[in-house]
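Now for the letters of each chain:
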Amino acid sequence: MLKGILWREWRLLWRARSAIINPLAFLILSTLVFALAAPEALMEMSSVASGLLWAMVLLTQLLSLDAMFRRDYDSGMLEQSLLCVEVPFICVLARIFMQWLGSGFIIAAVAPALGLLLGLPLNVLPVVVLSLLLGTPALSLIGSIGAALTVGFSRGGVVLALIVLPLFLPVLIFGTDLITAAQQGDDYALQAYLLALISVFSLAIGPFAALAGLRISLELR
Amino acid sequence: MIFSALKSFWHKLGSPRWFFEMSQTWVFVLGWMALLLLAAGFVWAIAFAPADYQQGNSFRIMYVHVPAAMVAQSLYIGMGVAGFIGLVWRMKLTDVAIAASLPLGMLLTALALFTGSVWGRPTWNSWWEWDGRTVSTLVLFFLYVGIYALREAIPGQVLRARASAVIALVGMVNIPIIKFSVEWWHTLHQPASFTIMEKPAMPVEMWAPLLVMVLGFYTFAGFTVLSAMRLEILQREAGTAWVSAWVSGQDPLDLKKGA
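Just so we're clear, the structure is a prediction, and the values are computed from it rather than from any experiment. Counting of residues starts from 1 at the beginning of each chain's written sequence and follows it residue by residue. The lettering of chains begins at A and the numbering of ligands begins at 1, in the order of writing. Only residues with pLDDT of at least 70 are given local features in this predicted model, and only at 80 or more are side-chain atom pairs given and counted; all residues enter the totals for whole chains, interfaces and linings.

*Asks:* Can you tell me about the overall build of chain B, naming the residues and giving the values?
*Replies:* For the purposes of this entry, the term helix denotes a DSSP run of H or I that reaches at least four residues, the term strand denotes a run of E that reaches at least two, and both are numbered from the N terminus. Helices and strands together make up the secondary structure of chain B, namely nine helices and zero strands. Along chain B, helices (α) and strands (β) appear in the sequence α-α-α-α-α-α-α-α-α when read from the amino end. Along the first, second and third principal axes, the C-alpha atoms of chain B reach 70 × 40 × 35 Å. Think of it as a crowd count around each C-beta: if 20 or more other C-beta atoms lie within 10 Å the residue is buried, if 12 or fewer it is exposed, and in between it is partly exposed, with C-beta placed from the backbone throughout. Split into buried and exposed, the 259 residues of chain B put 35% on the buried side. Considering only contacts within chain B whose residues lie at least 6 apart along the sequence, 77% involve residues at least 24 apart. We call two residues in contact whenever the C-beta atoms placed from their backbones are within 7 Å.

Structural data, given as structure tokens:
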């Protein structure tokens, strides 16, 4: 059963490639916007690069999260899968995993290029990827709660942002600090552990709360 | 004995009517306590507490700032607990409590931010410092805003109750992580000379009025939340016989006899 769900989710992800590419384009475009808006910062770009990168990742996640359950909700597929599957929890978890694969994971994959754009030194780039791989699961997991609760609204985007952005802040802080520590040649094991801790913790509450949120949203219509 | 009394209290809490009738006394007691404590604390803080040797009289805003921040935080945690109870036991009253705590919590957080800003002007020489506690209070404000926005967006009462319970619970669980991370962030960005805010060993004459003010704010919050809950109950139960009897000034006991 799990295989079937994952296969369906994978095909959905693959067929809706624009849902992956558009947020990525947004990520690079917003970096460009920042570079044009604060030209002075370009001089010392590498000192703000880690924070800028993570801030943009947070905003990009919001875009991707808004679409997380929407199509299934509109088509009625969500109702079906929550009703028919023995353990609806697995459905939600599979969807969160695929959303992460299409957002956090892809961002981590293109992060070295972004890092170069932002003037990060070559030896820090693997650390950037590490911080994104450890931190973005938490964003998808916590974000799924907001996405589930707001999927019933015709314009849920702003409410979604208001709900989940405050909860994203710890990831932003530790993710930024991890890269900064690596830039300064310090040990970054502690930040990496903390990011992993937040992700695991989010795994413990995220899918359950998202499932509760989906049930509420399904009753909403 | 105690357990069964608690159990019966717990079951009775499920009834808005029982709560409405009982809370009449609680509101009365809390209201008077709040009035007395706040009046005494205010006069004590303004007129009798000694001026700070460094900050002069400007530190007196602390007597509003600290209690406001404390109560604002407690109200959010209270909302999380209410959300948990509401999700587990499906008690009607918990959403009434959330609805009543939300505006007060938001207002008190805003008051804490505002007084902090006013206090910062003479002390830190700027209206806004990205201090650790300032930032976590600001985040708290946005946690409140999130619940508020969600509640506004959902039309039905039952679903609104469940959705805000979920998000209040998630927010409460996340508060320790947010606090820890903001403190972490603060130690990284610690501005050099701002150590005045570090808890000094305050003399008794200074912290005693603060204690009175904190108690005053808590009783005031209790009074406000309970009053708002009573109003909310009246609105929600407007169709029932006991509410119309209460509004028209009829003795509910007569109503029982009549029925």
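We are not done yet, so read on.
*Asks:* Lay out the environment of Trp7(A) in plain terms, naming residues and giving numbers.
*Replies:* Tracing the chain through its elements places Trp7(A) in helix H1 (residues 2–15). Placed 185 residues apart in sequence, Trp7(A) and Ala192(A) show a C-alpha to C-alpha distance of 31 Å.

*Asks:* Any details on the packing of helix H2 (residues 16–48) of chain B against helix H7 (residues 204–236) of chain B? Residues and values, ideally.
*Replies:* Residues and elements named next belong to chain B. Axis lines are fitted through C-alpha atoms, for helices just across the contact stretch, and the angle between N-to-C directions can take any value from 0 to 180 degrees. Relative orientation of the contacting elements H2 and H7 amounts to 150 degrees, with a least axis distance of 7 Å. Accordingly, the angle class assigned to the pair H2 and H7 is roughly antiparallel. Our pair here, H2 against H7, has a crossing hand that is left-handed. Residues are grouped as follows: Ala, Val, Leu, Ile, Met, Phe, Trp, Tyr, Cys and Pro are nonpolar; Asp, Glu, Lys and Arg are charged; every other residue, Gly included, is polar. In the contact of H2 with H7, the residues fall into 21 nonpolar, seven polar and one charged. If an angle is under 35 degrees, it is roughly parallel; if it is over 145, roughly antiparallel; if it lies from 65 to 115, roughly perpendicular; otherwise it is oblique. Crossings are sorted by hand: turned counterclockwise from the far helix by less than a right angle, the near helix makes the crossing left-handed, and turned clockwise it makes it right-handed.

*Asks:* If you had to explain the nonpolar core to someone new, which residues and values would you point to?
*Replies:* Buried Ala, Val, Leu, Ile, Met, Phe, Trp, Tyr and Cys residues form a nonpolar core when they are connected through C-beta atoms within 7 Å. Leu53(A), Leu149(A), Leu178(A), Ala72(B), Leu150(B), Val166(B) and Ile167(B) are the most contacted members of the largest nonpolar core, which totals 132 residues. Looking at this core element by element, the count peaks at 16 residues for helix H9 (residues 157–183) of chain A. Not counting the four nearest positions on each side in its chain, Ile167(B) is found in contact with Leu149(A), Ile163(A), Gly146(B), Ile147(B) and Leu150(B).

*Asks:* Tell me what's going on with the interface of chain B and chain A, and back it up with residues and numbers.
*Replies:* Contact with chain B, which involves 23 residues of that partner, is made by 21 residues of chain A. For the side of chain B that touches chain A, the leading source of residues is helix H6 (residues 157–188) of chain B, giving 14 residues. Residue composition of the side of chain B that touches chain A, by class: 19 nonpolar, three polar and one charged.

*Asks:* Any chance you could break down the packing of helix H3 (residues 62–89) of chain B against H6(B) for me, citing the residues and the numbers?
*Replies:* If you want to describe how two helices pack, look at the angle between their axes and the distance between the axes. Residue and element names in this part refer to chain B. Two elements in contact, H3 and H6, have axes whose closest approach is 8 Å; the angle formed by their N-to-C orientations is 125 degrees. Between H3 and H6, the angle is such that the two are oblique. For the pair H3 and H6, the sense of crossing is left-handed. Contacts from Tyr76, Ile77, Met79, Gly80, Gly83, Phe84, Gly86 and Leu87 of H3 reach H6 at Ala161, Ser164, Ala165, Val166, Ala168, Leu169, Gly171 and Met172. For the contact of H3 with H6, the residue count by class is 11 nonpolar, five polar and no charged.

*Asks:* For the confidence of the model for chain B, give the residues involved together with the corresponding values.
*Replies:* Residues and elements named next belong to chain B. A residue's pLDDT is simply how confident the predictor is in it, with values from 0 to 100. Looking at chain B as a whole, the pLDDT averages 82, with 91% of positions reaching at least 70. Summarising per-element confidence for chain B, the mean pLDDT is lowest in helix H9 (residues 252–258) (53) and highest in H3 (90). Low confidence marks residues 192–196, where pLDDT is under 50. Its contacts with residues over four positions away, or in another chain, come to five contacts. Across the interface, the model reports ipTM at 0.85; the global pTM reads 0.86.

*Asks:* Talk me through the environment of Phe3(B); I want residue IDs and the actual numbers.
*Replies:* Looking at the secondary structure, you find Phe3(B) in helix H1 (residues 2–13). Sequence separation of Phe3(B) and Ser227(B) is 224 residues, and the distance between their C-alpha atoms is 28 Å.

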